[in-house]
Amino acid sequence: MNSWDERYGGAVYYYGTEPNEFLRERLAAIPAGGDVLCLAEGEGRNAVFLAQQGYRVIAVDQSSIGLRKAERLAAARGVKIDTVVADLADYRIVPRRWDGIVSIWCHLPPALRSAVYGQAVAGLKPGGVLLVEAYTPEQLRYGTGGPKSAELLPTLAELRSELAGLEFVHAEERVREVREGNGHAGQSAVVQIVGVRG
């Protein structure tokens with residue numbers, strides 16, 4: 001059992017069942033009714049929210065336990081999502097397939113992050129949108145969620161480079177209050193991106 005299966009193994013949804021606030025705020029950027037890929041989606045709260053808004057959603061995560069809970073949450077909310085159990089090191093994002101790709105708290109080693117985000121840029125249809133929210137290295141001072149290793153925490157400059165080819169509608173580092181279940185609680189240093197493929 002991997003560490004994420006252990007984290008998601010309880011009855012409680014570790015990060016809650018409500019969507020990420022940045023996703024909720026920026027949802028309208030994704031073409032309505034489109035196909036959306038959610039990376040490292042865990043227990044499914046963002047995927048289910050997207051499905052409730054009329055999107056066709058595929059949620060990818062390495063935790064089969066998390067994704068089973070995602071499917072249960074979708075059923076409880078009266079929507080359907082598709083799930084894929086896969087490590088992002090092995091998962092291949094189909095080129096020019098997606099109207100939206102959502103990456104919320106998807107923290108990867110730099111080389112893998114660069115490879116995944118390169119695929120994500122190529123995976124968007126023209127006019128498709130990538131939404132990213134991640135903790136930055138500054139988050140280590142706050143300790144309110146996220147990895148404890150600085151190398152897993154990207155800066156805005158790094159993401160701008162890794163997401164070359166997108167037009168950045170929104171791109172900033174900021175401090176905001178994050179309250180998501182038991183996993184994220186308090187002032188947090190984050191980077192947020194809304195990028196559109198031309």
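Residues numbered from 1 in each chain as written. Predicted model: local features only at pLDDT ≥ 70, side-chain atom pairs only at ≥ 80, totals over all residues. Heavy atoms only, no water.

Caption draft 1: Up close: the overall build of the chain. A count of helical and extended segments in the chain gives 6 helices and 7 strands. Starting at the N terminus, the α and β elements of the chain follow one another as α-α-β-α-β-α-β-β-α-β-α-β-β. Relative to the 2.2 N^0.38 estimate, which gives 16 Å for 198 residues, the radius of gyration of the chain is 15 Å and therefore close to what a compact globule would have. When burial is assessed residue by residue, the chain has 53% of its 198 residues classed as buried. Sequence-distant contacts in the chain: of pairs separated by 6 or more residues, those separated by 24 or more amount to 71%. Accessible area for the chain stands at about 8500 Å²; split by element, carbon and sulfur atoms hold 50% of it. Separation between the mean location of the 22 positive side-chain charges and that of the 24 negative ones in the chain comes to 3 Å. (Helix = DSSP H or I, 4+ residues; strand = E, 2+ residues; numbered from the N terminus. Rg over C-alpha atoms; globule rule 2.2 N^0.38 Å. Buried < 20%, exposed > 50% of the residue type's maximum accessible area, 1.4 Å probe, protein only. Contact = heavy atoms within 4.5 Å. Areas by Shrake-Rupley, 256 points an atom, 1.4 Å probe, with all protein chains shown as cover. Lys, Arg positive; Asp, Glu negative; His and termini not counted. Charge placed at Lys NZ, Arg CZ, Asp CG, Glu CD.)

Caption draft 2: View of the pattern of salt bridges. What the rule picks out here adds up to 15 salt bridges. With a closest N to O distance of 4.0 Å, Arg 24 and Glu 18 form a salt bridge. On the accessibility criterion, Arg 24 (44% relative accessible area) is partly exposed. Judged by relative accessible area, Glu 18 falls into the partly exposed class, the value being 45%. Among the salt bridges present, the one from Lys 125 reaches Asp 99, with a minimum N-O distance of 3.3 Å. In this pair, Lys 125 sits in strand E5 (residues 124-135) while Asp 99 sits in strand E4 (residues 98-104), placing the two residues 26 residues apart along the sequence. The class for Lys 125 is partly exposed, based on a relative accessible area of 25%. (Salt bridge = Lys/Arg side-chain N within 4 Å of Asp/Glu carboxyl O.)

Caption draft 3: Local environment of the nonpolar core. Within the largest apolar cluster, 31 residues are counted, with the highest numbers of intra-cluster contacts made by Ile 30, Leu 50, Val 57, Ile 81 and Val 102. Elements represented by at least two residues in this core include exactly helix H2 (21-26), strand E1 (35-39), helix H3 (45-52), strand E2 (56-61), helix H4 (64-76), E4, E5 and strand E7 (184-197). Considering each element in turn, this core owes the most residues, 5 residues, to H3. Once you skip the residues sitting within four places of it in the chain, Ile 81 turns out to touch Ala 47, Val 48, Ala 51, Val 57, Ala 70 and Ala 74. Ile 58, Ala 86, Ile 93 and Leu 166 belong to the second largest nonpolar core, which has 26 residues in total. (Core = buried A, V, L, I, M, F, W, Y, C linked by side-chain atoms within 4.5 Å.)

Caption draft 4: Region of the structure containing the layout of surface pockets. What the largest pocket holds in volume is close to 560 Å³. Broken down by secondary-structure element, the contributors of at least two residues to the lining of the largest pocket are helix H1 (3-7), H3 and E2. In terms of residue class, the lining of the largest pocket is made up of 15 nonpolar, 8 polar and 6 charged. (1 Å grid on protein atoms, 1.4 Å probe; cavity = no way out; pocket = protein on both sides within 12 Å on 5 of 7 lines; lining within 4 Å. Points joined across faces, edges and corners; volume = space filled by probe spheres on them. Nonpolar A, V, L, I, M, F, W, Y, C, P; charged D, E, K, R; others polar.)

Caption draft 5: Representation of helix H5 (residues 110-123) in the model. For H5, which comprises 14 residues, the first-to-last C-alpha distance of 19 Å matches the rise-based estimate of 20 Å (1.5 Å per residue) to within 8%. Among the residues of H5, Arg 113, Val 116, Tyr 117, Gln 119, Ala 120, Val 121 and Gly 123 are the ones counted as buried. Buried residues along H5 sit against E1, E4, E5, helix H6 (156-162), strand E6 (166-180) and E7. (Expected span 1.5 Å × (residues − 1).)

Caption draft 6: Highlighting the packing of aromatic side chains. Tallied over the entire structure, the rule returns 3 aromatic pairs. Seen from their ring centres, Trp 4 and Tyr 8 are 5.7 Å apart, and the 35 degrees between their planes marks the pair as tilted. When the ring of Trp 105 is compared with that of Tyr 135, the centres are 4.2 Å apart and the planes differ by 15 degrees; the resulting orientation is stacked. Of this pair, Trp 105 sits in the loop between E4 and H5 while Tyr 135 is found in strand E5, placing the two residues 30 residues apart along the sequence. You'll find Trp 105 and Tyr 135 in the same group, each marked buried. (Phe/Tyr/Trp six-rings, centres within 6.5 Å; stacked < 30°, edge-to-face > 60°.)

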